[in-house]
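# Descriptive structure summary
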Amino acid sequence: MSFSDRSSGRRRTAHAARTALGASALALTLLTTAACGPDNSSADTAVTAGAGAAPNIGLPANLEDLKKWKFDDWEKWAKDYALPAAAKGFWTLDKLLKAKPNEPLPPPPAPPAAPAQPTQAPAQPSQPSQPAKPAQPSQPAQSGQPTAPGAPTAPATTPGKPPAGQPTQPGHPTPPPALPKPSNTQQPASQAPAPPAQPTQAPAQPTQPPAQPAQPTQAPAQPAQPSQAPAQPAQPPAQPADNGNDPLPKTVNAQSLPHPYTKLAVHGKLFADAPGSGAEAAAGLSHYQCSATVVADPAHPGKSNLVWTAGHCIHQGKGGKYFSNISFIPAFNSNGALSGGKQADEAQYAPLGIWNATQAVTSPQWKAEGGDGGSPATQYDFAIIRVQPGEGGKSLEEAVGGAVPVWFNAPREQLSITEYGYPAAPPFDGMELNRCESGKPTRLSYDPTRPPMHAIGCTMTGGSSGGGWLAVKDGKPALVSNVSVGQHTGDPKFQAGPYLDDVAAGAYDFISKKG
């Protein structure tokens, strides 16, 4: 997903600068635009109107508007979806073997001092004791302090405890603690008893003889109180007390699949060159490898040329560019020609050919906010590429014998996930297709205003980034996510991928119709 295995000082410096901005800075990257669509500026260009102004990245002000984007909105925003194809013969065996595994992204450390704000909610239950007015000024402060390390933070910090001891190593997520807003769920509870207190005053009036006929008019007034209850659900967008985080999933060991991969040819390896120049590029250090999956094309049924992967496998993220020479090899090393350090020619390790990408689109969130470390942008870390047709116009789907449909907004409780990929970092070598039968996913979130990611136990390592996560829908496999975040040391070992909502569906529809 992002290149957490890089030792380049330039990359580490950029990552440190992004991390220092904190979660609050992410909100400044979204700029209000007319209607639901983007403005005319490039999403990769930061245009500053003055000191302290937010960068103009061409995104709507909120997620709900982005979900409403139509084809023309995507067209206006994704101006650079067209990519130059890799030259024929570019990906030699030497380059493929030098390609570094693209590591799943590590999540960021927990934001500091966030739990202090929940003191506001407990202060309200103490208000009924206001008769002791001299004591009141000191009580809110005292009652708030003990609640800070209490229930609101416990659910979120529990999942983060296993990796907390190794925060500096890539792939050791520490899910953020519960944010203050879960306290909003307590406010309605303290407000709810207040309306019933009013009817107790109304029955006092029936003791007066003239007031008895008025009781029927007061009874209809009581149904008006339920109008206060509907107002309470409007207060949450209250974030869940766990901030969208479940306990981390248990480790599941990856299993290498037997050769040949005839029935699994929709899975393959993705190769690309990261933007760079000079000695690094000359030494072949810009070559990277990921995993990817052939997906169906609604606009071209039975003849898809679309491939699903992670956003960080094809684009650098915030302020960056698309990679170059993006190519997909379905059923890579299907017959085991390269296994065990053997040498082979292209016809053996790429039996279904090498397919060069000509178009690509990732999420606006990844393109505008993404980077080397995990962040709210990883909750939208996906991408779709289109490859050139083969000889005689043969499609990729026809060549591999099928394509996987994409299941958007899949109900979490119905999912039992199996992950596929080509892990290349030790103890793996990138030559074998692996699978993790991980079962029901848990939730992992860095921004509770965005859909939590799916998290599954899996021991796959770098190189599995972008690999497809499949679940059964209507008796057939469907893609529900891809590898984005991972923890590969310690216990548990797990990976996380984006929840594919309407934003992912919009990008998918756009690239489908562009073909």
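Structure first, text after, so check above.
Reference entry: report on the structure contained in this document. (Residues numbered from 1 in each chain as written. Predicted model: local features only at pLDDT ≥ 70, side-chain atom pairs only at ≥ 80, totals over all residues. Heavy atoms only, no water.)

The subject of this paragraph is the state of the cysteines. As enumerated under the stated definition, the model contains two disulfides in all. When the cysteines engaged in disulfides are numbered in sequence order, the protein chain pairs them as 1-2, 3-4. (Disulfide = S-S within 2.5 Å.)

Here we come to the pairing of strand E4 (residues 287-295). The buried fraction of E4 amounts to nine of the nine residues, a majority that puts the element mostly inside the structure. Inspection of the sheet shows strand E1 (residues 100-101) paired to E4 by two bridges, in the parallel sense. In the sheet register, Lys-100 faces E4, and the bridge partner there is Tyr-288. Here E4 runs beside strand E5 (residues 306-309); their pairing, made up of three bridges, is antiparallel. Within the sheet, the bridge partner assigned to Thr-293 lies in E5 and is Trp-308. (Buried < 20%, exposed > 50% of the residue type's maximum accessible area, 1.4 Å probe, protein only. Helix = DSSP H or I, 4+ residues; strand = E, 2+ residues; numbered from the N terminus. Pairing = 2+ DSSP bridges.)

Before going further, it helps to spend a moment on the nonpolar core. Membership of the largest hydrophobic core comes to 74 residues, with the highest contact counts inside it found for Leu-270, Trp-308, Ile-314, Ile-326, Phe-332, Ile-384 and Ile-385. Per-element tally for this core: the top contributor is helix H16 (residues 502-514), with six residues. Residues in contact with Leu-270, not counting those within four places in the same chain, are Tyr-288, Gln-289, Cys-290, Ser-291, Ala-292, Thr-309, Cys-313, Ile-314, Ile-326, Ser-327, Phe-328 and Ile-385. Within the second largest apolar cluster, 10 residues are counted, among which are Ala-410, Ile-456, Ala-478 and Val-483. (Core = buried A, V, L, I, M, F, W, Y, C linked by side-chain atoms within 4.5 Å. Contact = heavy atoms within 4.5 Å.)

The four strands lie next to each other as E11-E12-E16-E15, forming an open sheet whose pairing is antiparallel. Two strands bound the open sheet, and with one partner strand each, they are strand E11 (442-444) and strand E15 (485-487). Averaged over all adjacent pairs, the angle separating strand axes in this sheet is 30°, with direction ignored. Here three bridges tie E11 to strand E12 (residues 453-457), and the two strands are oriented antiparallel to one another. Within E12, the residue paired with Leu-444 across the bridge is Met-453. (Axes fitted to C-alpha atoms, helices over the stretch in contact; angles between N-to-C directions.)

Another point: the pattern of salt bridges. This structure, assessed with the given rule, holds seven salt bridges. For Arg-386, the salt bridge is made with Asp-297, and the minimal N-O distance between the two is 3.3 Å. Pair noted here: Arg-386 is in strand E8 (residues 383-387) and Asp-297 is in the loop between E4 and E5, with a separation of 89 residues, a long-range link. Neither residue differs from the other here; Arg-386 and Asp-297 are each classed as buried. We note a salt bridge from Arg-435 to Glu-437, for which the minimum N-O separation is 3.5 Å. Owing to a relative accessible area of 25%, Arg-435 belongs among the partly exposed residues under this scheme. The exposed category is assigned to Glu-437, whose relative accessible area is 55%. (Salt bridge = Lys/Arg side-chain N within 4 Å of Asp/Glu carboxyl O.)

On to the environment of Lys-342. You can see Lys-342 is positioned in the loop between strand E6 (324-330) and helix H13 (346-349). With a relative accessible area of 46%, Lys-342 lands in the partly exposed category. Beyond its immediate sequence surroundings of up to four residues, Lys-342 is in contact with Gly-336 and Ala-337. A distance of 3.2 Å separates a polar side-chain atom of Lys-342 from the backbone oxygen of Gly-336. (Polar contact = N/O pair within 3.5 Å; in protein donor to acceptor, adjacent residues only side chain to side chain.)

To continue, consider the packing of aromatic side chains. Inspection of every chain in the model, using the stated rule, returns 11 aromatic pairs. An aromatic cluster is built from Phe-90, Trp-91, Tyr-261, Phe-271, Phe-332, Tyr-349 and Tyr-422, whose rings are joined through pairwise contacts. One cation-aromatic arrangement involves Lys-95 over Phe-90; the distance from NZ or CZ to the ring centre is 3.5 Å. Looking at Lys-269, its charged tip hangs above the ring of Phe-332, at a distance of 5.0 Å from the centre. (Phe/Tyr/Trp six-rings, centres within 6.5 Å; stacked < 30°, edge-to-face > 60°. Lys NZ or Arg CZ within 6 Å of the ring centre and 35° of its normal.)

Moving on: the sheet that holds strand E9 (residues 417-421). The five strands lie next to each other as E2-E10-E9-E13-E14, forming an open sheet whose pairing is antiparallel. Here the strands that pair on one side only, and so sit at the sheet edges, are strand E2 (255-256) and strand E14 (476-482). The pairing of strand E13 (residues 468-473) with E14 spans six bridges and is classified as antiparallel. Paired with Lys-473 across the two strands is Lys-476, which belongs to E14.

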